[in-house]
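# Topology and contacts: notes
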Amino acid sequence: MVHVKTTINGQPAEFLVPAYLSLLDTIREVVGLTGAKEGCLDGNCGACTVILNGRIVDSCLVLGAEANGGEITTVEGLATPDALHPLQQAFLEEAALQCGICTPGFLVSAAALLKREPKANEQRIRHWLAGNLCRCTGYDKIVRAVIKAEDMSSQLSKSKAKVAAKPTAKSSASPKASSVRSSGRSGSGRK
Amino acid sequence: MPVVFLPFNLRKYAGGARQVVVTGKTLGELIAAMETLYPGMSAHLLEEGRLRPGLVAVCGTTETRQGLRQQLDEDTEVHFIQAISGGA
Amino acid sequence: MVATFEPKKTYKVIGTRPIRHDGYDKVTGRALYGADLKLPGQVWGAVLRSPYAHANITRMDTSEAEKYPGVLAVVTAKDMPKAESKMVDLGEGTVNEKHEVDRIMASDKIVFRGQPVAAVAAVDRNTAEEAVKLIRVEYQPLQPVLTVEEAMAKGAPIILPDLVGDDLGEKVKKTNMAKHFRHEFGDVEKGFSQAKHIVERTFKMSMTHQGYIEPHNAVAMWDEDNRLRIWTGTQGAFAVRKQMAGILKLDESRVKVTPMEIGGGFGGKIPVYLEPIAALLSKKCRRPVKLVMERKAVFESTGPAPGGTLRVKVGVDASGKITAAASDMKLEAGGFPGSAVGAAAMCIYSPYNIPNTTIDGWDIVVNKPKSAPYRAPGAPQAHFAMESVIDELCEKGGWDPIDFRLKNSAKEGTRRGDGVKFGSIGNVDVLKAASRSPHWKSVLNKDTTDGKKRGRGIASGYWFNIGLKSAVTLSANNDGTVSLVEGSTDIGGSRASIAMQAAEVLGIPALDVRPTVADTEGVAYNDVTGGSRTTYATGFAAYEAAIKMVEELKARAARIWNQDPSDILFKDGVFSAKKDSELRLNFKELSKKLGETGGPVTVTGSVDLSTGGGAYGAHIVDVEVDTETGKVEILRYTIVQDVGKAIHPSYVEGQMQGGVVQGIGWALNEEYFMTKEGTMANSSFLDYRMPTTLDLPKIETVIVEVFNPGHPFGVRGVGEVPIAPPIAAIGNALHDALGVRLVETPFKPGRIMEALEAQSKAAAVKPKR
């Protein structure tokens, strides 16, 4: 067993985890958050996407032990108690989900993109989301929803800027953020 | 009287006829009449007193959901087809 | 005999785009799918699968696994109840009971790679997976039979020794041919003799998988009182109940199935795979047992769409009228009988009115996974063949492909390939809308500077909308909302489309109807979510229930107002008294006053519907081909489809777009690439290569609404039609771009390069005039 101290969705967490257990199973079975989904266990579908230390990863390809000392964001951490994340709201309004199994992965991936590039264009969005498979929607409404969320976010930050005297400190991208995606889902396998 | 469109497999019982005109106010009566006229035919249509599993009777343009009790219009056409299985 | 309905000009709820009721749970990660369930005392199972595609099992020894620490139960086929070789209806078509049991767990013979042979339950997943490897199985490998041609060849190895084939009504033994049927109308020979142009082509297709992202899963608890509870991601909880009762020899009432949220199905989650295994494991250890299928096993052992060989011959006279059509379709059933060839035969000529037709269909057993329904089963295969031939005929005769299709279009009263007459259908409307679409009116710029070639294609497609049984319960809450309990798995927004139909009748907002998908004891029987039936049939049941609720509320209002119930009116959501204009209450106000009017208001709607008129689509696609590499890019895609009435247009568009993209994958990439040993060589998402965001443009949709008189709001099935035309549409576009006719799927780069090489060789040997 490995002793892990980590932060999940802003909350400190501490647990023991078998050395072989993936981060996905750690989050689902040990921590008890089931938003990240198992689709393939080989890093090809993106249903298990989470943000680990500012990078999006396929949590099935990372060990739970690797979360020690790190910060994890899952789909459960996107909304605040008062409001959905603009992406979640946009996905609802644009009907960007059908069965919903891939939705957590898409939302987490897209949230990481919006944080880095709040005005990514359609082609950039399609590139960024190419590691997430959806079999129901044909992606059209997902891409539209991400574009809509970008608009909603910029509206939101404009209105916030008006209300607040000073801009929020967290607006810049995390310095750890990187566009490198974990193995199996980066460029070569797809197109 | 209803016109029965015979599936290819059953045509041999009716001397190769593709369609037969048979009396019957209900589907059950119709199949009974077909058996009288063309012995052996109903074994392909019925099992344990009901339409065979996987077989659907179409009366007019719609499949019956009432089995052998289905009332038949005077000049309706009757087809026996495979049940469709869906996938969405 | 059958009620017919008229369209209404305006609706309040129908046609709007409310947020779906289950949306919040699904965007926050809160929605519970099968694999998310964790019951007290729950343990994990793992399944051992055959590494051979065709083999006899000669010996099995489970003792090492049984001794492994943490193991709670081991099961093999010996633990399955004895099955007879007889046909039974298990909720989705009929199957041979013994075949069905052997498909779940092989008793003596392996007929496809990945077929389960044993399973283990243990304290955790890792232990179960380690323990299952300790089971020793000895096999006698046999020659695998992998294509319909191999299977039908003289002296072919016989896959199922007990199979009795049906060859046009004659029984055949020692065969891999499960069925051969024929449809024959008019005089085909005479028809062809009247033709000026005849095109005949043979097409080959590989198996493809539904590709749902959520793997199969099941949790089972078989208790000491012989009650079996199942939690699973399924398209039909009642179908699971029926299959479980049949396979495990239980009374249906002993089985309770709770449908969890489902992560895609497309037909593939109608058959049970893991549920009976989890049940047997639970029976042995009396703990809830969870099984989640690994992705490789999903590809290797769950239902693909059949591949096969299709031959189509069509004749057209000088005026452009189709005079005759003949076709052979040999489809792969997989290791056990039951491909979609029957439905393929019903669809193949559906867009056309053809006076003389024959169809021969063969259902062929091969050593591949047992095929399962996949979105419009059989239609994509049939339409690929037919629409390619039609395209070639249009080229020969110089006819515009839409004009030609309009001239030969099926209409109400036209007979389909199996002889049944169409009711009200909208093919003409779809074709006219396609001809008016911005895409068809646009000119494809074929000038490229980089040597790439562009082309445009069009194809038609058809699928039924199945009716069958649905039941819905509505209960009025005292805050003016209504609880709706239904039994149709919500696979893509049907809670919304069903609730909206009740809301329309009740005159309340869509979100004031609160839908719940119940377990098999929480609602009356419902057939599967499949056959494009859910919004049509379960929506119809919701409509019926809502009509009853209005009647009940009229009676309650009459009681409150001391009026005769027949004097109560209901219009635009307001109840009023005919004889006293002061007496008016809207739905919400009345709901609050129900307390002293005679108990809770609860009603049910129950229907058993015939298959509806069915629906058509016409697809237009522009492609660009890199002639150096053979890679195809989709530049633009437009779907035109008759949906009857779009209840929630966003989800209708979503169905259309999703179906097309599956069709694009089928056309360009997806296949079961089999080694000669019968192993699928590309059994991962990486290698199977379904379309990603990068492979696609935006998908344009044109919704055509031709009212279906068999439904109160005119609904037609939507979900399946869109996968029927894409393969042919893309093949036709490739022909337009390259001048070569692709007759085998997928149209992968290597195959396109081969076709181009053959084309240039043929051009080189042709004498110049």
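Conventions and cut-offs
Residues numbered from 1 in each chain as written. Chains lettered and ligands numbered in written order. Predicted model: local features only at pLDDT ≥ 70, side-chain atom pairs only at ≥ 80, totals over all residues. Heavy atoms only, no water. Helix = DSSP H or I, 4+ residues; strand = E, 2+ residues; numbered from the N terminus. Polar contact = N/O pair within 3.5 Å; in protein donor to acceptor, adjacent residues only side chain to side chain. Contact = heavy atoms within 4.5 Å. 1 Å grid on protein atoms, 1.4 Å probe; cavity = no way out; pocket = protein on both sides within 12 Å on 5 of 7 lines; lining within 4 Å. Points joined across faces, edges and corners; volume = space filled by probe spheres on them. Nonpolar A, V, L, I, M, F, W, Y, C, P; charged D, E, K, R; others polar. Pairing = 2+ DSSP bridges. Axes fitted to C-alpha atoms, helices over the stretch in contact; angles between N-to-C directions. Domains from an automatic or database assignment. Buried area = accessible area lost by both parts, 1.4 Å probe. Salt bridge = Lys/Arg side-chain N within 4 Å of Asp/Glu carboxyl O. Buried < 20%, exposed > 50% of the residue type's maximum accessible area, 1.4 Å probe, protein only. Phe/Tyr/Trp six-rings, centres within 6.5 Å; stacked < 30°, edge-to-face > 60°. Lys NZ or Arg CZ within 6 Å of the ring centre and 35° of its normal. Core = buried A, V, L, I, M, F, W, Y, C linked by side-chain atoms within 4.5 Å. Lys, Arg positive; Asp, Glu negative; His and termini not counted.

### A word on the side chain of Ser-301 of chain C
All names here are of chain C. Residue placement: Ser-301 occurs in helix H9 (residues 295–301). Side chain to side chain, Ser-301 and Arg-49 meet in a polar contact 3.0 Å long. Filtering out sequence-adjacent residues up to four positions away, Ser-301 remains in contact with Arg-49, Phe-112, Gly-114, Tyr-273, Met-293 and Pro-369.

### Side note on empty space enclosed by the protein
Residues and elements named next belong to chain C. This structure, assessed with the given rule, holds 8 cavities of 30 Å³ or more. Each pocket or cavity is described by its volume, and for the largest cavity that value is around 440 Å³. Every residue lining the largest cavity is counted, 31 residues in all, and those nearest its centre are Ser-494, Thr-535, Gln-655, Val-718 and Gly-719. When the residues that make up the lining of the largest cavity are grouped by side-chain class, the tally is 11 nonpolar, 16 polar and 4 charged.

### Some points on the sheet that holds strand E16 (residues 255–259) of chain C
All names here are of chain C. The strand order across the open sheet built from 7 strands is E3-E7-E1-E17-E14-E15-E16, with neighbouring strands paired in mixed fashion. Because the sheet does not close on itself, it has two edges, and the strands there are strand E3 (71–76) and E16. Neighbour-to-neighbour, the strand axes of the sheet open up by a mean angle of 20 degrees, direction not taken into account. Relative to strand E15 (residues 228–232), strand E14 (residues 217–222) is paired through 5 bridges, and the arrangement is antiparallel. Opposite Ala-220, over in E15, you have Ile-230 as the bridge partner.

### Some remarks on the domain arrangement of chain C
Residue and element names in this part refer to chain C. Taken domain by domain, chain C comprises domain 1 (23–31 + 466–609), domain 2 (37–143 + 210–301) and domain 3 (435–459 + 613–769). Between domain 2 and domain 3 lies a buried interface of about 920 Å² when both sides are counted; carbon and sulfur atoms form 61% of it. Counting the contacts that link domain 2 with domain 3 gives 0 salt bridges. Across the domain 2-domain 3 interface, the total number found is 3 residue pairs in polar contact (both at pLDDT 80 or more). Looking at the side of domain 2 that touches domain 3 residue by residue, the classes come out as 5 nonpolar, 2 polar and 4 charged.

### A short note on the interface of chain C and chain A
If you look at the interface, chain C gives 63 residues, while chain A gives 53 residues. Both faces combined, the contact of chain C with chain A buries some 4,700 Å², and carbon together with sulfur accounts for 56% of it. When the area that chain C buries against chain A is broken down by residue, the three leading residues are Val-27, Thr-693 and Leu-694 of chain C, summing to 17%. Among the ionic pairs, Glu-38 of chain A bridges to Arg-125 of chain C, the shortest N-O distance being 2.8 Å. Across the chain C-chain A interface, the total number found is 27 residue pairs in polar contact (both at pLDDT 80 or more). Within the residue set of the side of chain C that touches chain A, elements represented by two or more residues are helix H1 (23–27), helix H4 (125–132), strand E17 (289–292), helix H18 (649–668) and helix H19 (685–688) of chain C. The element best represented in the side of chain C that touches chain A is H18 of chain C, accounting for 9 residues. Within the side of chain C that touches chain A, the residues separate by chemical class into 28 nonpolar, 20 polar and 15 charged.

### Quick look at unusual backbone geometry
The omega torsion of the bond from Thr-745 of chain C to Pro-746 of chain C falls at -5 degrees, within 30 degrees of zero and hence cis. Checked against the element boundaries, Pro-746 of chain C lands in the loop between helix H20 (726–738) and helix H21 (749–765). The phi dihedral of Leu-41 of chain A falls on the positive side, at around 60 degrees, and the residue is not glycine. In this fold, Leu-41 of chain A is placed in the loop between helix H1 (23–31) and strand E3 (49–52). For Leu-41 of chain A, a relative accessible area of 36% translates into the label partly exposed. One non-glycine residue, Tyr-139 of chain A, lies in positive phi territory at about 70 degrees.

### Quick word on the packing of aromatic side chains
Counted under the stated rule, the structure contains 21 aromatic pairs over all chains. Arranged with centres 6.1 Å apart and planes meeting at 50 degrees, the rings of Phe-106 of chain A and Tyr-139 of chain A form a pair that is tilted. Taken together, the residues span a long stretch of sequence, with Phe-106 of chain A in helix H3 (residues 103–116) and Tyr-139 of chain A in the loop between helix H4 (122–128) and helix H5 (140–163) at a distance of 33 residues. Accessibility classification places Phe-106 of chain A together with Tyr-139 of chain A in one group, the buried group. Judged by centre distance (6.1 Å) and plane angle (90 degrees), the ring pair of Phe-5 of chain C and Tyr-543 of chain C falls under edge-to-face. Of this pair, Phe-5 of chain C sits in the segment before H1 while Tyr-543 of chain C sits in helix H16 (residues 534–561), and the two are 538 residues apart along the sequence. Grouping residues by exposure puts Phe-5 of chain C and Tyr-543 of chain C together as buried. An aromatic cluster of three or more residues is present, and its members are Phe-5, Tyr-11, Phe-540, Tyr-543 and Phe-713 of chain C. Here the basic side chain of Arg-182 of chain C rests over the ring of Phe-8 of chain B, its NZ or CZ set 4.7 Å away from the ring centre.

### Considering H1 of chain A
For H1 of chain A, the full list of buried residues reads Leu-23, Leu-24, Asp-25, Thr-26, Ile-27 and Arg-28 of chain A. Turning to H1 of chain A, the residues buried within the fold contact strand E2 (11–17), E3 and strand E5 (71–73) of chain A together with H4 of chain C.

### Things to note about the nonpolar core
Counting 192 residues, the largest nonpolar core has Phe-91 of chain A together with Leu-228, Val-314, Ile-730 and Phe-747 of chain C as the members making the most contacts within it. Among the elements that take part in this core, helix H11 (residues 379–397) of chain C stands out by supplying 9 residues, more than any other. Excluding residues that lie within four positions of it along the chain, Phe-91 of chain A makes contacts with Ala-96, Leu-97, Thr-103, Phe-106, Leu-107, Ile-142, Ala-145 and Val-146 of chain A together with Val-27 of chain C. Counting residues in each nonpolar core, the second largest holds 49 residues, with Phe-5, Val-482, Ile-498 and Leu-609 of chain C among its members.

### Structural notes on the interface of chain B and chain C
At the interface, 26 residues of chain B touch 47 residues of chain C. When chain B packs against chain C, close to 3,000 Å² is buried across both sides, 53% of that on carbon and sulfur atoms. Taken together, the connections running from chain B to chain C amount to 6 salt bridges. Lys-421 of chain C is the salt-bridge partner of Glu-77 of chain B, the closest N and O atoms lying 3.7 Å from each other. Applying the counting criterion to the chain B and chain C interface returns 9 residue pairs in polar contact (both at pLDDT 80 or more). Broken down by secondary-structure element, the contributors of at least two residues to the side of chain B that touches chain C are strand E6 (62–63) and strand E7 (77–82) of chain B.

### Description of the sheet that holds strand E31 (residues 632–642) of chain C
Residues and elements named next belong to chain C. Pairing within the open sheet is mixed, and its 4 strands lie in the order E22-E30-E31-E32. The open sheet terminates on both sides in strands that have one partner only, identified here as strand E22 (453–463) and strand E32 (699–704). Adjacent strand axes in the sheet meet at a mean angle of 15 degrees when their direction is disregarded. One ladder, built from 9 bridges, connects strand E30 (residues 615–625) with E31; its direction is antiparallel. If you follow Asp-622 over to E31, its bridge partner there is Arg-636. Together, E30, E31 and E32 form the strand contacts of H18, whose direction differs from that of E32 by roughly 125 degrees.

### Quick notes on the arrangement of the chains
Most contacts, among the 2 pairs of chains that meet, fall between chains A and C. Considering only C-alpha positions, the minimal separation of the non-contacting chain A and chain B is 10 Å.

### Some thoughts on the side chain of Glu-504 of chain C
Residue and element names in this part refer to chain C. Along the chain, Glu-504 falls in helix H15 (residues 494–506). Within the buried core, Glu-504 has no salt-bridge partner, and the shortest N-O distance to an opposite charge, that of Lys-8, equals 4.7 Å. At 3.0 Å, the side chain of Glu-504 forms a polar contact with the backbone nitrogen of Lys-12. Separated by 2.7 Å, the side chain of Glu-504 and the backbone nitrogen of Val-13 make a polar contact. Discounting chain neighbours no more than four positions away, the residues touching Glu-504 are Tyr-11, Lys-12, Val-13, Ile-14 and Phe-713.

### With respect to the pattern of salt bridges
Residue and element names in this part refer to chain C. All chains considered together, the criterion is met by 71 salt bridges over all chains. A salt bridge links Glu-129 to Arg-125; its shortest N-O distance comes to 3.5 Å. Separated by 4 residues within a single helix, Glu-129 and Arg-125 lie in helix H4, roughly one turn from each other. Three or more residues joined by partner-sharing salt bridges are found here, namely Arg-20, Asp-22, Lys-26, Glu-261, Asp-490 and Arg-495.

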